[in-house]
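Chain by chain, the residues:
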Amino acid sequence: MNFVENHTISSPSFADVKYDNGGIWSKPFPRSQQRYLHGFIFFVDWFETVLTAKETAHQAATMAVDLVRDWEELHPKPSDVEPMAYHDETTAQRLLNLMSLQIRVRIIDPDLDKQVLEPLISSTADLLARDDFHSAGNNHGMFQDLALLYWSILSASDGGDRPETYFNIAMLRLRAYFSECFTEDGVHVENTPTYHLMVSRQVANVQRIASIANHADAAFYAQLISRAERYATHALMPDGIYPPVSDTQQIPVNRAGMHRVFTSPEFAYASSAGAHGRPPQERWLVLPESGYAVYRDQWGHVGATYAFFSAAYNADYHKHSDDLSFFLRSKEIDLLSESGPFSYDYKDPFSRYAYSQYAHNSLVVDGASLPRTDDKKDQVTLELVEERSDGFVVVGKNARYEDVVHQRTVSVTDGSEVPSFDLEDSVSSSTEHQYELLWNLGTEVQVTLHGQGFELFHENKKVMDLMFSATVPTSISLHEGVEKPKPLGWRFPKFGEAVPAKVVVVKFSGTNVKIATKIRLSDFNYTDRNLSLPASGWSRHDGPIPLNYLFSQGSSQAGRKRLVVIFTAIHNPGDFTYNYKSTVDDVDISALYILDDFGDQGAYYHSDHRSTDIFDAVQSLIKQVVRDNGLDTADVVTAGSSKGGTAALIHGFALPAGRVVVGAPQTRIGTFVAGPHPNMLLFMAGGEGEEDIAHLDGIVDRYARHAEDATRVSILVGANDHHLPRHVQPLVDGMSIERAVPPSVTVLADLSHADIGSVFRFFLRANLEQWVAESPEEALPYILTADQSKGSIRIKVYAPDGAQLAYRLFKASDIIRRRSYSARQVVIFDDLSPGKYRVRIFRTDGDPSQATAFTTRWINLT
């Protein structure tokens, strides 16, 4: 109706265009839009509307024929000037639509047909019958032959030999094409499920024609359609849509009318998302010759888990550089996704991106994608290694690179509730290269990045995580909607539509590298610590090695003048969080918490296969926070216990910080982790031998040798803790030789390493209080409480054996109670009036003239 009233051609895929008296034929529209116009595909919208409505039929028929006449006058023969006018498949589409138009026009005005349509239809059939115009070996030629076949059938009653001749030509060509365009598995070679379905539809149409005509090829087509149905069924996602692999446009099969291509109840079940038919007996399909492995954990549930692995290069047509790409969907959400096609305009940057490896979950070498096609089809293979009752293992191989071979092993295991996926990427080359391993994510998920993996969330609920381990140092980064210098992080829901989408890029280099990846949908690799929630306050420090961190600013000016950086101890694998936050929250001080979420249990904030990029990133973040808050590194105290204490020493020495407050640190890292944490030894040092242990053992010493005297070090450790003789004492001995002021060590009796955290929090808080007050004094751990009902104050001090303690209770600035030196570590002051109190504690280890002292925080009695 828009054309009848406004001379405008409308389309669901393109913007409206004015006919402009035929001017549209010469305008530089994109290739897909030119195909739409020169193929007269827009007439499809006319057939059941303006050409059938009594009030518009004659006018519409006249306008349609005039339009065709205009086109023919402008394009009397094939020309290089406007190649789409006689493009191979476009010409076929034009004949199909002209024949459909002819059927309507003959009824309305036979003369219009005879004057314009019939001659052009006949000459177009002659053109399609010519061998020199025929496109053999692809679906463009198939459409040419189908158009010729349908013309021969519709023209059979007109007499003459041409219809029968062209019928035989079309059937001969179609048999040749269909014999070659499907693999032995029954998969169409043009690399795209929707094209498989579309071509299968044409096979079914030809089969019906052959059957009616008693043609000798009828049995061939029946067998072919049966083989093609298996892949068509399994490739469908649980929602009845094909995944966005290669040139697949995601249209529901039911809504597209394609569900009638195959007649089995299994295909009906898959295409209707379980509404009709019956489920297939098998839940996965591995086709090594065709290069596909497809898995689902259940049939008939739209939220089922579905995976699609492609190691397929069966033809150049509709081929993307998607070799060894892995797609994953679960609970109706695309998790690991692909961009989908943007257009057939190869000059468009988005189209080139969609074809490139960057738009797929693949491996890029030296920053340049493999070409879309080349002469290396045989270099992409798939092998079925194992098939079990609970899953399978396949290996895809891509040797299309110049000097690199990429192998990806995919192991799928059915779980009690959800499946698990384990991948191993093996990259080998004769010389060192730079690599990017890409994970394109669905548009509906949010991501939390970690050092060697990431978590995915949907509506604040965790739905997947991925953790990898490599044999070389790696870095990980997140990108979204990048346009320059080249596109990265995009999704194309339909042709011509671009939506920003997140992509995780893992970078590494080397010659022979292995990366093992664990993908989990439950029993996750990472403990969910709510880092993704906006209210959590967590931030991301971008750089070569990004970091997750939490920063809080002191509430007063005095608190904002000091900064504490807290480093975390070792937790269970995959559990990355902060330590001592509630303790630090009790002190008015700015605080920075950095996650050591590298490897599966941390890297002491330092090493990845001996690369110190992690250390450099942590130093960079601390210094940025220091600068942003108008501070100096001398205003910083680094703190932590156990592994966190080790990191506090390393980074405190390197800054240099004003103070370092630690509990039971490991100063011989390699010796410590070699026993209980070989995974950390392997990640940090790159090996598990004696030389690797020695390398890690030397880390703290290397930084300690360059530590400045201005950095005061306070260490808390238990007398029963093996860290005292093995780690703390060697550090103290070494630093005592090289420093004017050796570390201060507080050794507490009956304190094991397992108990260090329970006391260190008091040690940390007490010393942070002194630091904020700009007091040079070192504090012992203490607990100060008030019993409001009794009007009493109780203080417990954790002091070393042999220490003598004296106490002074202050109310405002007045001393109101005293306790003389004794070994007493618990003191109660009774019968106090309401007010504000604090205690000053004096300590001596035998010589009162060498006494030290510190003052507690204030406490109120009401």
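Quick look at the structure, then. Quick caveat, the model's predicted, so the values are computed rather than measured.

A word on the overall build of the chain. Within the chain, the regular secondary structure consists of 22 helices and 37 strands. A compact globule built from 862 residues should have a C-alpha radius of gyration of about 29 Å, whereas the chain, at 37 Å, is more than 25% larger. Evaluated residue by residue, the chain yields a buried proportion of 58% over its 862 residues. Counting only carbon and sulfur atoms, one obtains 49% of the accessible surface of the chain, whose full area is about 34600 Å².

Glancing now at the nonpolar core. For soluble globular proteins, the rule of thumb is that nonpolar side chains tend to be buried together. Judged by nonpolar contacts, the single largest core of 106 residues is most densely connected at Phe42, Phe43 and Phe178. Those residues in contact with Phe178 that sit more than four places away from it in its chain are Met142, Val199, Gln202, Val203, Val206, Phe220, Tyr221 and Leu224. Membership of the second largest hydrophobic core comes to 86 residues, among which are Leu547, Ile594, Val713 and Leu764.

The full count for this structure, using the stated rule, is 39 salt bridges. With a closest N to O distance of 2.9 Å, Glu282 and Arg230 form a salt bridge. Placement of the pair is Glu282 in the loop between α11 (265–271) and β3 (284–287) and Arg230 in helix α10 (residues 218–235), with a sequence separation of 52 residues. Residue classification places Arg230 among the partly exposed residues on the basis of a relative accessible area of 41%. Measuring nitrogen to oxygen at the nearest pair gives 3.1 Å for the salt bridge that ties Glu774 to Lys561. With Glu774 in the loop between α22 (756–772) and β30 (782–787) and Lys561 in the loop between α13 (557–560) and β24 (563–566), the pair connects residues that are 213 residues apart, well separated along the chain.

Attention now goes to the pairing of strand β27 (residues 659–663). In terms of residue burial, β27 counts as a mostly covered element, since 5 of its 5 residues are buried. Of the two faces of β27, the one holding Arg659, Val661 and Gly663 and the one holding Val660 and Val662 are both buried throughout. In terms of handedness, the path from strand β26 (residues 636–641) via helix α16 (residues 643–654) over to β27 forms a crossover that is right-handed. Alignment of β27 against strand β28 (residues 712–718), held across 5 bridges, turns out to be parallel. If you follow Val660 over to β28, its bridge partner there is Val713.

It is worth spelling out the sheet that holds strand β20 (residues 502–510) at this point. As summarised here, the arrangement of the 4 strands in space is β8-β13-β20-β17, forming an open sheet in which the pairing is antiparallel. Looking at the sheet topology across the chains shown, the edges are occupied by β8 (363–365) and β17 (475–480). Pairwise comparison of adjacent strand axes, ignoring direction, gives a mean angle of 25° for this sheet. Sheet analysis places strand β13 (residues 433–440) next to β20, joined by 8 bridges and oriented antiparallel. Bridge pairing in β20 links Leu438 to Val505.

In this section: the packing of helix α15 (residues 613–628) against α16. Two elements in contact, α15 and α16, have axes separated by 11 Å at closest approach and are oriented at 65°. Crossing handedness for the pair α15 and α16: right-handed. In this structure, α15 uses Phe615, Val618 and Gln619 to contact α16, whose residues at the interface are Ile650, His651 and Ala654. Grouping the amino acids of the contact of α15 with α16 by side-chain chemistry returns 4 nonpolar, 2 polar and no charged.

Bringing the packing of helix α18 (residues 678–685) against helix α19 (residues 690–697) into the picture now. The interhelical angle for the contact between α18 and α19, taken along N-to-C directions, is 80°, at an axis separation of 10 Å. Of the possible angle classes, the one that applies to α18 and α19 is roughly perpendicular. Here α18 contributes Leu681, Met684 and Ala685 to the contact with α19, which in turn contributes Asp692, Ile693 and Leu696.

Mapping Thr233 onto the fold places it in helix α10. Owing to a relative accessible area of 4%, Thr233 belongs among the buried residues under this scheme. In sequence terms Thr233 and Gln357 are 124 residues apart; their C-alpha atoms lie 27 Å from each other. In contact with Thr233, not counting residues within four places along its chain, are Glu266, Phe267, Ala270, Pro280, Arg296 and Trp299.

This part is about α10. Spanning 18 residues, α10 covers 26 Å between terminal C-alpha atoms, matching the ideal 26 Å at 1.5 Å per step. Inspection of α10 places Ala218, Phe220, Tyr221, Leu224, Ile225, Ala228, Glu229, Tyr231, Ala232, Thr233, His234 and Ala235 among the buried residues, and these make up the whole buried set. Next to the buried residues of α10 lie α8 (162–180), α9 (193–212), α11, β3, β4 (292–296) and β5 (306–310).

Another point: the pairing of strand β7 (residues 333–336). The two faces of the sheet receive side chains in turn, since in a regular strand these alternate between them. Relative to β7, strand β6 (residues 325–330) runs antiparallel, the two being bridged by 3 bridges. Within β7, the residue paired with Ser330 across the bridge is Ile333. Hairpin geometry of β6 and β7 is characterised by an intervening segment of 2 residues between the two adjacent antiparallel strands and by a positive phi of about 55° at Lys331.

Here we come to the packing of aromatic side chains. The geometry of an aromatic ring pair comes down to the distance between the two centres and the angle between the two planes. If you walk through the whole model with that rule in mind, you get 41 aromatic pairs. Aromatic pair Tyr177 and Phe178: ring centres 5.4 Å apart, planes at 50°, arrangement tilted. Each of the two residues, Tyr177 as well as Phe178, counts as buried. Arranged with centres 5.2 Å apart and planes meeting at 65°, the rings of Tyr580 and Phe760 form a pair that is edge-to-face. Of this pair, Tyr580 sits in the loop between β24 and α14 (581–585) while Phe760 sits in helix α22, and the two are 180 residues apart along the sequence. This pair shows no difference in class: Tyr580 is buried, exactly as Phe760 is. A network of ring pairs unites the aromatic residues Phe3, Phe14, Tyr19, Trp25, Tyr36, Phe40, Phe42, Phe43, Trp46, Trp71 and Tyr86 as a single cluster. It is Lys319 that lies over the ring of Tyr313; its NZ or CZ is 4.9 Å from the centre. The residue whose ring lies beneath Lys643 is Tyr604, and the NZ or CZ to ring-centre distance is 5.9 Å.

Moving on, we come to the environment of Glu184. If you trace the backbone, Glu184 turns up in the loop between α8 and α9. With 167 residues separating them in the primary sequence, Glu184 and Ser351 have C-alpha atoms 31 Å apart. Excluding its chain neighbours within four sequence positions, the residues that come into contact with Glu184 are Arg227 and Glu289.

Criteria and thresholds
- Residues numbered from 1 in each chain as written.
- Predicted model: local features only at pLDDT ≥ 70, side-chain atom pairs only at ≥ 80, totals over all residues.
- Heavy atoms only, no water.
- Helix = DSSP H or I, 4+ residues; strand = E, 2+ residues; numbered from the N terminus.
- Rg over C-alpha atoms; globule rule 2.2 N^0.38 Å.
- Buried < 20%, exposed > 50% of the residue type's maximum accessible area, 1.4 Å probe, protein only.
- Areas by Shrake-Rupley, 256 points an atom, 1.4 Å probe, with all protein chains shown as cover.
- Core = buried A, V, L, I, M, F, W, Y, C linked by side-chain atoms within 4.5 Å.
- Contact = heavy atoms within 4.5 Å.
- Salt bridge = Lys/Arg side-chain N within 4 Å of Asp/Glu carboxyl O.
- Right-handed = clockwise from strand over helix to strand, strands pointing away.
- Pairing = 2+ DSSP bridges.
- Axes fitted to C-alpha atoms, helices over the stretch in contact; angles between N-to-C directions.
- Left-handed = near helix turned anticlockwise from the far one by under 90°.
- Nonpolar A, V, L, I, M, F, W, Y, C, P; charged D, E, K, R; others polar.
- Parallel < 35°, antiparallel > 145°, perpendicular 65-115°, else oblique.
- Expected span 1.5 Å × (residues − 1).
- Phe/Tyr/Trp six-rings, centres within 6.5 Å; stacked < 30°, edge-to-face > 60°.
- Lys NZ or Arg CZ within 6 Å of the ring centre and 35° of its normal.

Remember that the coordinates give geometry; whether it matters functionally is a separate question.
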